[in-house]
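Listed below are the residues making up each chain.
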Amino acid sequence: MIERPYGGCRKCLLGVRRLSRMKLATSSPEGQREGVLTAATSVGGHIIGWADDWEVSGATDPMTRPKLGPWLRDERGPYDGLVAAAVRVESGANSG
């Protein structure tokens, strides 16, 4: 099972997802979820929880993000690492 509680196996990972605008189809929550699960599986790990910060700017200090911050400040319990999907941001300028 790829999602299960913390078990002390040293491969208990926190899934991290963020979008500054929910309408960005290229980095959808579902697409990010699949990327995170794939990455966790590739290292033999599993997801113990999700830190989903929607409508949060990438410029926001991770320690102050509503969902990720408590994990980073050791307020949510143990975990062995973070897994986040790579999100590509297009500038809108034509490189053409």
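Above this text sits the structure in question.
All values reported here derive from a predicted model rather than from experimental measurement.

### What to know about the sheet that holds strand 3 (residues 81-84)
Strands belonging to one sheet form pairs held by backbone hydrogen bonds; the direction of such a pair is parallel or antiparallel.
Here's step 1: Spatial ordering of the open sheet is given by 2-1-3, a layout of three strands whose pairing is parallel. The sheet is open, and its two borders are formed by strand 2 (46-54) and strand 3, each paired with just one other strand. Between one strand axis and the next, the sheet turns by 30 degrees as a mean value, whatever way the strands run.
Here's step 2: Against the sheet, helix 1 (residues 29-42) contacts strand 1 (12-19), strand 2 and strand 3, and its axis sits at roughly 155 degrees relative to strand 1.

### Quick notes on helix 1
Here's step 1: Given a rise of 1.5 Å per residue, 14 residues ought to cover 20 Å, and the 20 Å separating the end C-alpha atoms of helix 1 matches this to within 8%.
Here's step 2: For helix 1, every residue scored as buried is listed here: P29, Q32, V36, L37 and A40. One side of helix 1 holds all its buried residues, which, seen down the axis, span an arc of 135 degrees. Helix 1 presents E30, T38 and S42 as exposed residues on the side facing more than 90 degrees away from its buried surface.
Here's step 3: Structurally, helix 1 contributes buried residues whose contacts are with strand 1, strand 2 and strand 3.

Definitions and cut-offs
Residues numbered from 1 in each chain as written. Predicted model: local features only at pLDDT ≥ 70, side-chain atom pairs only at ≥ 80, totals over all residues. Heavy atoms only, no water. Pairing = 2+ DSSP bridges. Helix = DSSP H or I, 4+ residues; strand = E, 2+ residues; numbered from the N terminus. Axes fitted to C-alpha atoms, helices over the stretch in contact; angles between N-to-C directions. Contact = heavy atoms within 4.5 Å. Expected span 1.5 Å × (residues − 1). Buried < 20%, exposed > 50% of the residue type's maximum accessible area, 1.4 Å probe, protein only. Arc of directions from axis to C-beta.

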